[in-house]
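Structural characterization, general
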Amino acid sequence: GDLDKVVNLLLSLSGRLARVETALGSLGPHAPAEDKLALREKQRLLMAQLEDAKELKEHVGRREEVVGAMVARYLPAEHLQDYQHFVKMKSALIAEQRELEEKIKLGQEQLRCLRESL
């Protein structure tokens, strides 16, 4: 459960940071200074939160190793391999699911914009 939460947090923060950086990059030279300042502050905060989330992931990784060692004492080798595979795949699948959700959201936004432009 903690792994799910931390991976989702990392993905969410990195997505938000990317959107802020895109917004900063799209601001023209005549954009109000307040807008630029607000986006830079948001960027700074998101970068700090992302670093904190990375530390959380490392902590969860260390805890996962401890739990894995305890599980190894009680499971036969083939079940242990299944458990280890499950843990590894879970993070990858969460990331893939999040990426697909973002692509769907982007496609829906593009579709809405196309409809509005017609």
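Residues numbered from 1 in each chain as written. Predicted model: local features only at pLDDT ≥ 70, side-chain atom pairs only at ≥ 80, totals over all residues. Heavy atoms only, no water.

With that settled, consider a nonpolar patch on the surface. Together, Val 66, Val 67 and Met 70 line one region of the surface with nonpolar side chains, adding up to about 230 Å² of accessible area. Along the chain, Val 67 turns up in helix 2 (residues 33-74). The exposure class assigned to Val 67 is partly exposed, which follows from its relative accessible area of 31%. (Patch = residues over 30% accessible without salt bridge, like charges linked within 9 Å, V, L, I, M, F, W, Y side chains within 5 Å. Areas by Shrake-Rupley, 256 points an atom, 1.4 Å probe, with all protein chains shown as cover. Salt bridge = Lys/Arg side-chain N within 4 Å of Asp/Glu carboxyl O. Helix = DSSP H or I, 4+ residues; strand = E, 2+ residues; numbered from the N terminus. Buried < 20%, exposed > 50% of the residue type's maximum accessible area, 1.4 Å probe, protein only.)

Our focus in this paragraph is the domain arrangement of the chain. According to the domain assignment, the chain consists of domain 1 (1-74) and domain 2 (77-117). Summed over both sides, the interface of domain 1 with domain 2 buries roughly 910 Å², with 64% coming from carbon and sulfur. Of all residues in domain 1, Leu 3, Asp 4 and Leu 11 give up the largest surface area on contact with domain 2, accounting jointly for 39% of the area buried on that side. Put simply, domain 1 and domain 2 have 2 salt bridges between them. Across the pair Lys 90 and Asp 4 runs a salt bridge whose closest N-O atoms are separated by 3.4 Å. Joining domain 1 to domain 2, the criterion identifies 1 residue pair in polar contact (both at pLDDT 80 or more). Contributions of two or more residues to the side of domain 1 that touches domain 2 are made by helix 1 (2-26) and helix 2. Ranked by the residues each element gives to the side of domain 1 that touches domain 2, the list is headed by helix 1, at 7 residues. (Domains from an automatic or database assignment. Buried area = accessible area lost by both parts, 1.4 Å probe. Polar contact = N/O pair within 3.5 Å; in protein donor to acceptor, adjacent residues only side chain to side chain.)

Per the UniProt record, the feature "domain: ASD2" (unreviewed entry) sits at residues 1-118. Between the first and last C-alpha atoms of residues 1-118 the distance is 45 Å; the span itself is 92% helix and 0% strand. (UniProt positions renumbered as here; feature names shortened; annotations may be inferred.)

Counted by the stated rule, this structure contains 9 salt bridges. Close ionic contact of Glu 99 with Lys 103 constitutes a salt bridge, the shortest N to O distance being 3.4 Å. Separated by 4 residues within a single helix, Glu 99 and Lys 103 lie in helix 3 (residues 77-117), roughly one turn from each other. Of the residues examined, Glu 99 reaches a relative accessible area of 45% and is grouped as partly exposed. Overlapping salt bridges, with partners in common, bring together Arg 19, Glu 102 and Lys 105 in one network.

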